[in-house]
Amino acid sequence: MKIGFIGLGKMGFNMVEHLLELGHEVVAYDVSAEAVVAIAAKGATAVSSLQHLVGELVAPRVVWMMVPAGPPVDAVLGGITPFMKAGDIVIDGGNSRYTDTVARAARLRKEGVRLLDVGTSGGLDGARHGACMMAGGDREAYEVVEPTLRDLCVENGCGYMGASGSGHFVKMVHNGIEYGMMQAIGEGFDLLRASGYDLDNESVARVWSNGSVIRGWLMELAEKAFARDGQLGWLGDKVADSGEGRWTVETAVELGVSLPIISGALFERFRSQSEEHFSDKVVAALRHGFGGHAFQSPEGGEEKA
């Protein structure tokens, strides 16, 4: 498939590399000229404008956005839709709020353009080697791009969730669960640290990663983080929240659903801004491990690597 791709950040760049390796043609754009040059060197067709990107595609055009939620999504849609035709497809693969997605899909539908919301999980490694994707929106549009989505995903890691907004809704809940799981791991290591035993956190995480009930990728990431420093002295205690946890809790309040674990994990991130706990270092290390999220150094400065 020939596909337009907008957004060459950490996730987007890796996804385009994956698409190219699978034999897809990619027309790529980003506000960063450096990123565009870099992806062109990998085999993508580089363009310098959104209009140029749409013009390089054939009907039905498929444009994939991988940009931050909120105004950046609206800005991209405003830049491409004047050049699109009825039947074309836009994919929002970022973490947009599902209510925003529903409203955007309704606006585009009036022009005959179909918006698919595709929640994407798996972090940087997944983007590069096989992700997990949850799609919502027009079923016929999904069927057009389904082979490409499946190419990008691990086996059984792709599915159609339902009507517009459902893909982003499912991804929002996924991220809320992620908050709770990381918080539980962080609190466990906090208790181990206070035990009085001379424990090797890397060894504990390695054992828990093999055969235990709580084994999994997050525990493997904990092991890697502790291998770097058993006390995580390379990062600070503050843990950012990127929005999806808040939306999950807000939605639960609206629907009258009790989410004590996820809510507590969100509030712990707020608490981390003013108090220090070892659990916060663990959560920060896990976020950095799977998503390359920035973290604070012990001195308080933000690190990007």
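Preceding this section is the structure that the text describes.
Being a predicted model, the structure only gives us computed values, none of them experimental.

Cut-offs and rules
- Residues numbered from 1 in each chain as written.
- Predicted model: local features only at pLDDT ≥ 70, side-chain atom pairs only at ≥ 80, totals over all residues.
- Heavy atoms only, no water.
- Helix = DSSP H or I, 4+ residues; strand = E, 2+ residues; numbered from the N terminus.
- Rg over C-alpha atoms; globule rule 2.2 N^0.38 Å.
- Buried < 20%, exposed > 50% of the residue type's maximum accessible area, 1.4 Å probe, protein only.
- Contact = heavy atoms within 4.5 Å.
- Areas by Shrake-Rupley, 256 points an atom, 1.4 Å probe, with all protein chains shown as cover.
- Lys, Arg positive; Asp, Glu negative; His and termini not counted.
- Charge placed at Lys NZ, Arg CZ, Asp CG, Glu CD.
- Pairing = 2+ DSSP bridges.
- Axes fitted to C-alpha atoms, helices over the stretch in contact; angles between N-to-C directions.
- Phe/Tyr/Trp six-rings, centres within 6.5 Å; stacked < 30°, edge-to-face > 60°.
- Lys NZ or Arg CZ within 6 Å of the ring centre and 35° of its normal.
- Salt bridge = Lys/Arg side-chain N within 4 Å of Asp/Glu carboxyl O.
- Core = buried A, V, L, I, M, F, W, Y, C linked by side-chain atoms within 4.5 Å.
- Parallel < 35°, antiparallel > 145°, perpendicular 65-115°, else oblique.

Draft legend 1. Local environment of the overall build of the chain. Broken down by element type, the chain carries 13 helices and 10 strands. For 305 residues, the compact-globule estimate of 2.2 N^0.38 gives 19 Å, and the chain sits close to it at 20 Å. Dimensions along the principal axes, computed over C-alpha positions, put the chain at roughly 65 × 50 × 35 Å. Buried positions account for 51% of the 305 residues belonging to the chain. A separation threshold of at least 6 residues defines the contact pool for the chain, and within that pool the share at least 24 residues apart is 66%. Summed over all atoms, the accessible surface of the chain reaches about 14,100 Å², with 54% contributed by carbon and sulfur. Averaging the locations of the 27 positively and 40 negatively charged side chains of the chain gives two centres separated by 4 Å.

Draft legend 2. Up close: the sheet that holds strand E5 (residues 89–92). With respect to topology, eight strands assemble into an open sheet ordered E3-E2-E1-E4-E5-E6-E7-E8, the strand pairing being mixed. Each edge of the sheet is formed by a strand with only one pairing partner; in this case those strands are strand E3 (45–46) and strand E8 (153–162). As judged from the four bridges shared by strand E4 (residues 62–65) and E5, these two strands associate in the parallel manner. Of the residues in E5, the one forming a bridge with Met65 is Asp92. Against the sheet, helix H7 (residues 139–152) contacts E4, E5, strand E6 (114–121), strand E7 (131–136) and E8, and its axis sits at roughly 165 degrees relative to E8. Its contacts with the sheet put helix H8 (residues 166–193) on E5, E6, E7 and E8, and the angle it makes with E6 is roughly 20 degrees.

Draft legend 3. Here's a closer look at the packing of aromatic side chains. Applying the stated criterion to the full structure yields eight aromatic pairs. Centre to centre, the rings of Phe267 and Phe270 are 6.0 Å apart; their planes meet at 45 degrees, and the pair counts as tilted. Of the two residues, Phe267 and Phe270 both sit in helix H12 (residues 260–271), three residues apart, roughly one turn of that helix. Taking the relative accessible area as the measure of exposure, Phe270 reaches 34% and is therefore partly exposed. Pairwise contacts between aromatic rings join Phe189, Trp208, Phe226 and Phe278 into one cluster. The aromatic ring of Trp234 is capped on one face by Arg228, whose charged end is 3.9 Å from the ring centroid. We note Arg269 situated over the ring of Tyr179; from NZ or CZ to the ring centre the distance is 3.6 Å.

Draft legend 4. Spotlight on unusual backbone geometry. Residue Pro60 is reached from Ala59 by a cis peptide bond, and omega for that bond is -10 degrees. Along the chain, Pro60 turns up in the loop between helix H3 (50–55) and E4. Of note in the backbone geometry, Asn156 takes a positive phi value of approximately 65 degrees without being a glycine. As for its placement among the helices and strands, Asn156 is situated in strand E8. Positive phi outside glycine occurs at Leu232, with the angle close to 55 degrees. Its place among the elements puts Leu232 in the loop between helix H10 (217–228) and helix H11 (244–255). Taking relative accessible area as the criterion, Leu232 reaches 1% and is therefore assigned buried.

Draft legend 5. Just the pattern of salt bridges, in detail. Summed over the entire model, instances satisfying the criterion amount to 13 salt bridges. Note that Arg104 is salt-bridged to Asp74, the shortest N-O span being 2.9 Å. One end of the pair, Arg104, is in helix H5 (residues 98–109); the other, Asp74, is in helix H4 (residues 71–80), with 30 residues separating them in the sequence. For Asp74, a relative accessible area of 35% puts it in the partly exposed group. It is possible to trace a salt-bridge network through shared partners that takes in Glu17, Glu21, Lys42 and Arg128.

Draft legend 6. A look at the environment of Asn175. Counting through the fold element by element, Asn175 comes out in helix H8. On a C-alpha basis, the gap between Asn175 and Gly243 in space is 9.5 Å, while along the polypeptide they are 68 residues apart. When neighbours within four sequence positions are excluded, Asn175 is seen to be in contact with Asn95 and Glu244.

Draft legend 7. Representation of the nonpolar core in the model. Membership of the largest hydrophobic core comes to 32 residues, with the highest contact counts inside it found for Phe5, Leu8, Val26, Trp64 and Met133. For Phe5, the contacting residues outside a window of four places in its chain are Gly12, Met15, Val16, Leu19, Val26, Val27, Ala28, Tyr29, Leu53, Trp64 and Met66. Core analysis: the next-biggest nonpolar cluster, separate from the first, contains 24 residues, Phe226, Trp234, Val282 and Ala284 among them.

Draft legend 8. Structural context of the packing of H10 against helix H13 (residues 278–291). Across the interface, H10 lies against H13 with an axial gap of 9 Å and an inter-helix angle of 105 degrees. Between H10 and H13, the crossing angle belongs to the class labelled roughly perpendicular. For the pair H10 and H13, the contacting residues are Trp217, Leu218, Leu221, Ala222, Ala225 and Phe226 in the first and Phe278, Val282, Ala285, Leu286, Gly289 and Phe290 in the second.

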